[in-house]
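Inside the fold
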Amino acid sequence: MIPTATAPSGRSQDRPAPGPCSPAQGAPGCARWYERGLNWPTTGSGPVELLTGVAFDVLELPVVAGFALLRRVPRTGPVAVEGPWMRLLVAAGSADELPGLLDWLEWGGVPLDLTALGAGGRITAPCPSAAWPPPGEPGSGTPAERCPQEAAVWLRPPEPGCGVEPTLPVTGFGGDGGAPDLVRLVGAAATECHRARLLRARPLPRQRRAGEG
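Being a predicted model, the structure only gives us computed values, none of them experimental.

So, how was this worked out
- Residues numbered from 1 in each chain as written.
- Predicted model: local features only at pLDDT ≥ 70, side-chain atom pairs only at ≥ 80, totals over all residues.
- Heavy atoms only, no water.
- Helix = DSSP H or I, 4+ residues; strand = E, 2+ residues; numbered from the N terminus.
- Buried < 20%, exposed > 50% of the residue type's maximum accessible area, 1.4 Å probe, protein only.
- Contact = heavy atoms within 4.5 Å.
- Areas by Shrake-Rupley, 256 points an atom, 1.4 Å probe, with all protein chains shown as cover.
- Axes fitted to C-alpha atoms, helices over the stretch in contact; angles between N-to-C directions.
- Parallel < 35°, antiparallel > 145°, perpendicular 65-115°, else oblique.
- Left-handed = near helix turned anticlockwise from the far one by under 90°.
- Nonpolar A, V, L, I, M, F, W, Y, C, P; charged D, E, K, R; others polar.
- Polar contact = N/O pair within 3.5 Å; in protein donor to acceptor, adjacent residues only side chain to side chain.
- pLDDT = per-residue confidence, 0-100.

Comments concerning the overall build of the protein
Scanning the protein from terminus to terminus reveals five helices and seven strands. Reading the helices (α) and strands (β) of the protein from amino to carboxyl end gives α-β-β-α-β-β-α-β-β-α-β-α. Put simply, the protein has 213 residues, and 46% of those count as buried. For the protein, contacts bridging at least 24 residues in sequence account for 81% of all contacts bridging at least 6. Working note: accessible area of the protein is about 10,700 Å², and carbon and sulfur atoms make up 55% of it.

Concerning the packing of helix 2 (residues 63-72) against helix 5 (residues 182-201)
Packing of helix 2 against helix 5 leaves a shortest axis separation of 9 Å and a crossing angle of 135°. When the axes of helix 2 and helix 5 are compared, the pair comes out oblique. Note on packing geometry: the crossing formed by helix 2 with helix 5 is right-handed. Contacts between helix 2 and helix 5 involve Ala65, Ala68, Leu69 and Arg72 from the former and Arg184, Leu185, Ala188, Ala189, Thr191, Glu192, Cys193 and Ala196 from the latter. Looking at the contact of helix 2 with helix 5 residue by residue, the classes come out as eight nonpolar, one polar and three charged.

So, the environment of threonine 167
Note on placement: threonine 167 falls in the loop between strand 7 (153-156) and helix 5. Taking the C-alpha atoms as reference, threonine 167 lies 9.1 Å from proline 78; in sequence the two are 89 residues apart. In terms of polar contacts, threonine 167 uses its side chain to reach the backbone carbonyl oxygen of valine 164, at 2.7 Å.

Section: the packing of helix 3 (residues 94-104) against helix 5
In contact at an axis separation of 10 Å, helix 3 and helix 5 are set at 65° when each is read in the N-to-C sense. Between helix 3 and helix 5 the crossing geometry is right-handed. Contact with helix 3, carried on its side by Ser94, Glu97, Leu98, Leu101, Leu102 and Trp104, involves Leu182, Val183, Val186 and Ala190 of helix 5 and no other residues of that element. Considering only residue class, the contact of helix 3 with helix 5 consists of eight nonpolar, one polar and one charged.

With respect to the environment of valine 170
Tracing the sequence through the fold places valine 170 in the loop between strand 7 and helix 5. Overall, the relative accessible area of 32% leaves valine 170 in the partly exposed class. Once the C-alpha coordinates of valine 170 and arginine 184 are considered, the two residues, 14 residues apart in sequence, prove to be 9.9 Å apart.

A short note on the confidence of the model for the protein
Looking at the protein as a whole, the pLDDT averages 76, with 67% of positions reaching at least 70. A low-confidence stretch, residues 1-25 (pLDDT under 50), is modelled with 114 contacts involving residues beyond four sequence positions or located in other chains. When the criterion is pLDDT under 50, residues 130-149 qualifies, and its contacts beyond four places in sequence or with other chains add up to 36 contacts.

Some words on unusual backbone geometry
Positive phi outside glycine occurs at asparagine 39, with the angle close to 60°. If you trace the backbone, asparagine 39 turns up in the loop between helix 1 (27-37) and strand 1 (49-51). The backbone of glutamate 106 shows a phi angle near 65°, a positive value even though the residue is not glycine. Here glutamate 106 shows up in the loop between helix 3 and strand 5 (115-117). With relative accessibility at 68%, the residue glutamate 106 sits in the exposed group.

Here it is as C-alpha cells:
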C-alpha cells in the first residue's frame, strides 16, 4: 500500500504575477533570479526554461481541470499556467510515482490529460515578479515593461529564500497538515481531468425548431 502523508504548505497565496521571462526583460536576469533566488537550474538562455527533476517535478493538466482542482485543494505548492495548461510543482521524483499512484487510485487505464515532467524535462520559466528582482540587481520598469507577453505566468508564485522544496507535495510520512500529500493531489487531479473530458464529450442540447413545443 502506498503511504500517504501531508507535506508542509507553501507560503504563497493567489496573487497576480507578470508574464514570462522575455527578451525585453533579458534572459540572463531572468535566469539569475531563479538560480540565485531559488537555487533552481535553468537553461540560462532565452527563452529561459526551468529544468525539472532536480529541485522539483511538475504535474501538468488542462487549465479547466486545474482551476477546479485548486477549488478542491486550495493549499498547494507553486502553480504556473501556460496557455491551456496548468503546472503544479511537486517534489522531485514524483513523476516516476505518477503511474503507480494512478493504478493504486484505480485510475489506471482511464484516459486522462494528466502527465508529469521529471528528470530531463523542462518548462517555460514564468517571469519573476517585479517585486522580486534578482539578488543584487535593482528592479527597473513596470511589470508590463519587463514582461510584456503572457505565455507563462505564476498563479501561485514561489517565494525566494523561503526553502520552496520542503513545501512541495510528496508521498511519505510526516508533514504539518498544511498542504496535501501527493496521493491526495493526484487523486483530485485525476478526478477533475476525467470530469473535464466527460464535459467536452457531452453533446450540446438539441435546439428547438420553429413550431416545436
